[in-house]
2 protein chains.
Amino acid sequence: MTIEARSDLRCDVLLTNAIVLTMDDGFTIHHAGGVAIAGNSIAAVGPAALAYSAADVVDCRGRVVLPGLVNAHTHVPMALLRGLADDMRLDVWLMGYMMPVEREFVNPDFVRLGTRLGCAEMIRSGVTCFADMYYFEEAVAEATVGAGLRALCAQTVLRFPAPDAASYEDSLALARDFIMRWRDHPLIVPAPAPHAPYTCTPEILRACAELAAEFDVPLHTHLSETLLEVEASRQTHGMPVIPWVKKQGLFGAKVLAAHCVHVDDGEMRALKNAGAGVAHNPTSNLKLGAGIAPVVRMLALGLDVGIGTDGAASNNDLDMFEETRLAALLAKGIGNDPTALPARDALAMATRLGARALHMGHLTGSLEPGKRADLIVLDLDTLHNVPSFGRDPGAIYAQIVYASKSTDVLDVMCNGQWLMRERALLTLNEAELREAAREYARRIDAFLGSRELSVLQKLIAIGGAIEEESFEVQVKARVPSVEQVIAVIEGDEMTVVRASRYHQFDTYWSFADPAQGRLRYREDEFLDEAGTVTGARTRLTLTGRTREETFGAVLLSRSRYLAPALHSARFYREYFRPAAEHVIEKQRRRWLVAYHGVEFYLHLDCLLNPPTEGFFLEVKSRTWSRRDARDKAAVITELLARFGASPDDTLSDSYVELVAGTDRPAS
Amino acid sequence: MTIEARSDLRCDVLLTNAIVLTMDDGFTIHHAGGVAIAGNSIAAVGPAALAYSAADVVDCRGRVVLPGLVNAHTHVPMALLRGLADDMRLDVWLMGYMMPVEREFVNPDFVRLGTRLGCAEMIRSGVTCFADMYYFEEAVAEATVGAGLRALCAQTVLRFPAPDAASYEDSLALARDFIMRWRDHPLIVPAPAPHAPYTCTPEILRACAELAAEFDVPLHTHLSETLLEVEASRQTHGMPVIPWVKKQGLFGAKVLAAHCVHVDDGEMRALKNAGAGVAHNPTSNLKLGAGIAPVVRMLALGLDVGIGTDGAASNNDLDMFEETRLAALLAKGIGNDPTALPARDALAMATRLGARALHMGHLTGSLEPGKRADLIVLDLDTLHNVPSFGRDPGAIYAQIVYASKSTDVLDVMCNGQWLMRERALLTLNEAELREAAREYARRIDAFLGSRELSVLQKLIAIGGAIEEESFEVQVKARVPSVEQVIAVIEGDEMTVVRASRYHQFDTYWSFADPAQGRLRYREDEFLDEAGTVTGARTRLTLTGRTREETFGAVLLSRSRYLAPALHSARFYREYFRPAAEHVIEKQRRRWLVAYHGVEFYLHLDCLLNPPTEGFFLEVKSRTWSRRDARDKAAVITELLARFGASPDDTLSDSYVELVAGTDRPAS
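Residues numbered from 1 in each chain as written. Chains lettered and ligands numbered in written order. Predicted model: local features only at pLDDT ≥ 70, side-chain atom pairs only at ≥ 80, totals over all residues. Heavy atoms only, no water.

## Quick notes on the relation of the copies chain B and chain A
Of the transformation placing chain B onto chain A, the axial shift is 0.2 Å and the rotation is 179 degrees, giving an RMSD of 0.4 Å. The relationship between the two copies is best expressed as a two-fold rotation axis. When the interface residues of chain B are mapped onto chain A, 100% of them are again interface residues, pointing to one common binding face. (Least-squares fit on C-alpha atoms with pLDDT ≥ 70 in both. Contact = heavy atoms within 4.5 Å.)

## Brief notes about the side chain of Lys632(B)
All names here are of chain B. Mapping lysine 632 onto the fold places it in helix H19 (residues 626-642). Here lysine 632 falls in the buried class, since its relative accessible area comes to 7%. Not counting residues within four places of it along the chain, the set of residues in contact with lysine 632 comprises Val473, Val598, Phe600, Ser621, Arg622, Thr623 and Trp624. (Helix = DSSP H or I, 4+ residues; strand = E, 2+ residues; numbered from the N terminus. Buried < 20%, exposed > 50% of the residue type's maximum accessible area, 1.4 Å probe, protein only.)

## Some details on the nonpolar core
Note on soluble globular proteins: their nonpolar side chains tend to be buried together. If you look at the biggest cluster of nonpolar residues, it comprises 306 residues, and the most contacted ones within it are Leu21(A), Phe110(A), Met298(A), Leu21(B), Phe110(B) and Met298(B). Filtering out sequence-adjacent residues up to four positions away, Phe110(A) remains in contact with Pro77(A), Leu80(A), Leu81(A), Phe105(A), Tyr134(A), Tyr440(A) and Ile444(A). Membership of the second largest hydrophobic core comes to 29 residues, among which are Ala477(A), Val485(A), Trp591(A) and Ile636(A). (Core = buried A, V, L, I, M, F, W, Y, C linked by side-chain atoms within 4.5 Å.)

## Regarding the environment of Arg352(B)
Residue and element names in this part refer to chain B. Tracing the backbone through its elements, the reader meets arginine 352 in helix H13 (residues 352-357). In this structure arginine 352 comes out as buried when scored by relative accessible area, which is 10%. With 245 residues separating them in the primary sequence, arginine 352 and glycine 597 have C-alpha atoms 79 Å apart. Setting aside anything within four residues of it in sequence, one finds arginine 352 in contact with Met23, Asp24, Asp25, Phe27 and Gly365.

## Description of helix H2 (residues 108-124) of chain A
Residues and elements named next belong to chain A. Between its first and last C-alpha, H2 extends 24 Å over 17 residues, near the 24 Å set by a 1.5 Å rise per residue. Of all 17 residues making up H2, 12 are buried, and the element is well covered by its neighbours. A side-chain oxygen of the first residue of H2 lies 3.0 Å from the backbone nitrogen of aspartate 109; this N-cap is asparagine 107. Just beyond H2, the residue with positive phi is glycine 126, at close to 85 degrees. (Expected span 1.5 Å × (residues − 1). Polar contact = N/O pair within 3.5 Å; in protein donor to acceptor, adjacent residues only side chain to side chain.)

## Quick notes on the packing of helix H2 (residues 108-124) of chain B against helix H3 (residues 137-147) of chain B
Residues and elements named next belong to chain B. The interhelical angle for the contact between H2 and H3, taken along N-to-C directions, is 40 degrees, at an axis separation of 8 Å. Our pair here, H2 against H3, has a crossing hand that is right-handed. Between H2 and H3, the contacting residues are Pro108, Val111, Arg112, Thr115, Arg116, Cys119 and Ile123 on the first element and Ala139, Val140, Glu142, Ala143, Thr144 and Ala147 on the second. Split by residue class, the contact of H2 with H3 holds 8 nonpolar, 2 polar and 3 charged. (Axes fitted to C-alpha atoms, helices over the stretch in contact; angles between N-to-C directions. Left-handed = near helix turned anticlockwise from the far one by under 90°. Nonpolar A, V, L, I, M, F, W, Y, C, P; charged D, E, K, R; others polar.)

## Structural notes on the packing of aromatic side chains
This structure, assessed with the given rule, holds 30 aromatic pairs over all chains. Their ring planes at 85 degrees and their centres at 5.6 Å tell us that Phe105(B) and Phe447(B) sit as a pair that is edge-to-face. Separated by 342 residues along the polypeptide, Phe105(B) in helix H1 (residues 90-105) and Phe447(B) in helix H15 (residues 430-452) bring together distant segments of the chain. Overall, the relative accessible area of 22% leaves Phe447(B) in the partly exposed class. Connected via pairs of aromatic rings, a cluster forms that spans Tyr97(A), Trp509(A), Phe511(A), Tyr521(A), Phe571(A), Tyr572(A), Tyr575(A) and Phe576(A). Directly above the aromatic system of Tyr440(B) lies the positively charged group of Arg443(B), at a separation of 4.9 Å from the ring centroid. (Phe/Tyr/Trp six-rings, centres within 6.5 Å; stacked < 30°, edge-to-face > 60°. Lys NZ or Arg CZ within 6 Å of the ring centre and 35° of its normal.)

Take a look at the structure:
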């Protein structure tokens, strides 16, 4: 096609001789087509563009031009935490690694560097617009503008203290301030980001929705990411997540909801009716074991579903080519239907639908006159793209989705500005970014490294409990007769202060370095006289492996750390990665008695697992000084004799040594 | 670490200053380590290597050296068919596109070029060994040796004629000949490849197993890829696939089984007991909607499970980095367990376990003294790899699996020979390959393009049925009374030759170009007198849209193509992609009668869908000449009157025109 350029139609940049995938509603493709760019916008596309003249005419030499990809959900500064911790369950990953490191390191400098690093990677992989959610979002916005990208920047609001706010009121004020100052920016759309229903209060959700509505900006959040979240919502609120947030007024705003993995048909319709966009994050959802979102059904219902990488800490890259391919493949695999989510529709999710999900469809996502000039040029001459077939006009979509790589992106333009030409970044200095990122990684490594030198430090790092050193004198011995023990306890010389019964499950973890001590996770079931369970609690105890001293058979030992266990045994196992694990199950009768003016705990134990003949009696008392310990040890020795136990038939401090022979401390 | 090179320890190539991931059984990693290569083998790894001196010392400058990846299942020449047809169901893809094109184009030249193209792509992405299955396997082997790669080359054996063999006896002879001539080759391990249980006979399976056992070579096959295959095996053989092939003696050979998507615990144990290796192909299995193989369970049972790309026609690339990442992600996603298949184990599948699955574990898959020097050098300094954390020694596996790309591969060595240095291929000419591949694509496009110009040609292309032109005179008219029709049929002037009843479901497909005619897919249920279904058949008819001629109300029409429908309505719909579809359901009584010495078919129809009042009578007869047609038309007009039908109340040739108003041919 030859159209003479008319001198009265001038633009700034004219791309010619391209296969132009407009990704418009009709999926128009122009062969040997052009794109005319005037200022920051598209003036014309296709044959009409070739009527323009421009000072800067770029011959695309048959390459493919398409809209810049839209990364519909990420936490871009987390590029700095890429690969920090992998193959872990969400709670261990989040509470054991991400949150402690974020508490220590996240500040505006971290956020700016992480954003620049992430933007560099996204530009290289053809992204021109992304939806972010993080702390210090203003720093994200500044760095994004510096890189030249377009973004929905959403300021996180949480009910907990965050790196950038001591309270949620502070976060909300920060969000309002940020929105007011950035709402007219040509590249940035500011927004509030109530993090998730389970990390926010109903007031936060409502306040964020009202804030977004007040300034007519979107609202970015995580919804229904895991089954756990949905189950908890059903238990707490009597309904799943979507109806609950609807009830809190969240849909008064233009919502961009990340994940929506576990939503039913009714919930999808509710999202559609609310005009909400959805960000599908297939890699992150698989990697964290969250599941697979029903995107084929969402698309059938007319929802705007974009594709997101999520943060690089759970992906571990920001590659929209990989993400789009995975979305297309997964839809087929789980539906047993190879015709599901064809390549063209997957690419639409990564462009036009993604922009609409961000409520930025009027600005970007397709190549149409009037939209911003956000576009990329692909080199499909690389080996893994060869050959290609022209028979089916739709084959080009399949080629891009199933064969092309992000490294095939040659040129990137956003808002009319070139950000990359011939694979060279124009707005960012890669070498500097790499070096600065490495320096952060060294510091984070040192922080985690020093923490990981000690089980105690790792325990403190996850917070939520207090370090407490307590010293005890104690002895554990076989007793020949339960009746004799009871008789002594009920005798005249003893006063029973308290009596109780338990069914105890103790999990003992030991470490390659015995100096680390031993960690015990104890689950107590409280029993009544009849043996019925009336309650339960879990406690975590880190015990030093060295006996402080012995007084005959009586040990003076130190319990370095004692706290309610806030997480599951599974959490601690995955977090501490012990070298060995042993489990003890027992029935315990416990008495707090006063004897000669001193309080002692008496534990009469029957071991169920490992099944052990006979009964054990443990006598212990807190102590404060070596002298006090010596005195109490003398009393304990005397008591043992009364209970009929021989001081020669004692155990060292823990039953675990019955099962973990080689684990016994050196004497 | 500084170790003086000893002059008595000389090797040919010495890699130094590398992070060496040996991928040995203990997952040994050497930092600032080396690899000493003597001839085609590894002489030493780690500190021991640094004692060697060499003329060629390569300073790896802190980069990562690991074993070359093992692509455990592919059809490498199909690189030439990449992107030929996508987003289709397996049968449409295979029978509609792959097989017709393979019948037309596959010859030794095609196979050599496709292999060179595929090898170039695999070298670029760090593969040094692959398991192939195709036709003209000797040409695959020759081209692979030319590229310098190691491969298990398996000659396909099928019960159908194949591009390289008219019969399965010929295939078997070809396989035997190939194995005898190549079994001592330093790079190639030849093998027979009975394609799959459902494309082979029991004799083929047994003969291939015996052939493999005779020469002590592996046997490569596809097992349990789809649920359909397993269900069919249960129905035909009364057992699923694995026990059935075991019964046929397949496990007398060292089997490499591709897919194994639908296998239960017992079948996995049977594979393990047989010493079989498994090739997991996650992209292909997702893309074709086959499902997701239970690899976590397989690994727990101790099976050697490798990772394969499958052919580039169903992937659409040969990128083992993507494949390994997908394997790791999928295992977590479907198990709801982010700790499942951690990165280290996924990378082991792509290296050591893959080599073992190919029964080539003694040659390759890990960096250990005595094994062949098959290794790659990775540049982890690229943006998407930055930063990285040193805290956890296993983090390097996560970085490679979750963040790195095939384009990070810098250098590739196979059998002690460099195949790529600094991303430049040394054994293949990329530009030539690209141009030759494009030329093939042009020819294939032309072949398919001419075929797709005509529905008839597309129908013939999928084979299995005969073109048959038949001319008929026919009329269809409303009849006022069923009783009157029956009375005439049972009257004296007619002889009933045959009578039958049907319940008919007709699917009509029309095309944008009406000249293409109309395709009818008819499902007949045979009914007995009581209306019970006694049998069924499906038939496909392509009808020309133009009436040849009319004689009053009687039409002379042409049925251009008539055949039993070998595939499902769904298959034809997806293959032909019609512009419109209409469905008619009716009850039909049919008589073959002789009237005045001429045979006529009488169809008395009651339309159920669309529900239509009254009855229609169709009268038709085959014809051979215009004169015969005119004579029969006169008789038909006379008959119509007897049946009480008015010649003014006739329909044109098909009921579909009752429902497809706009679809009516121009009169």
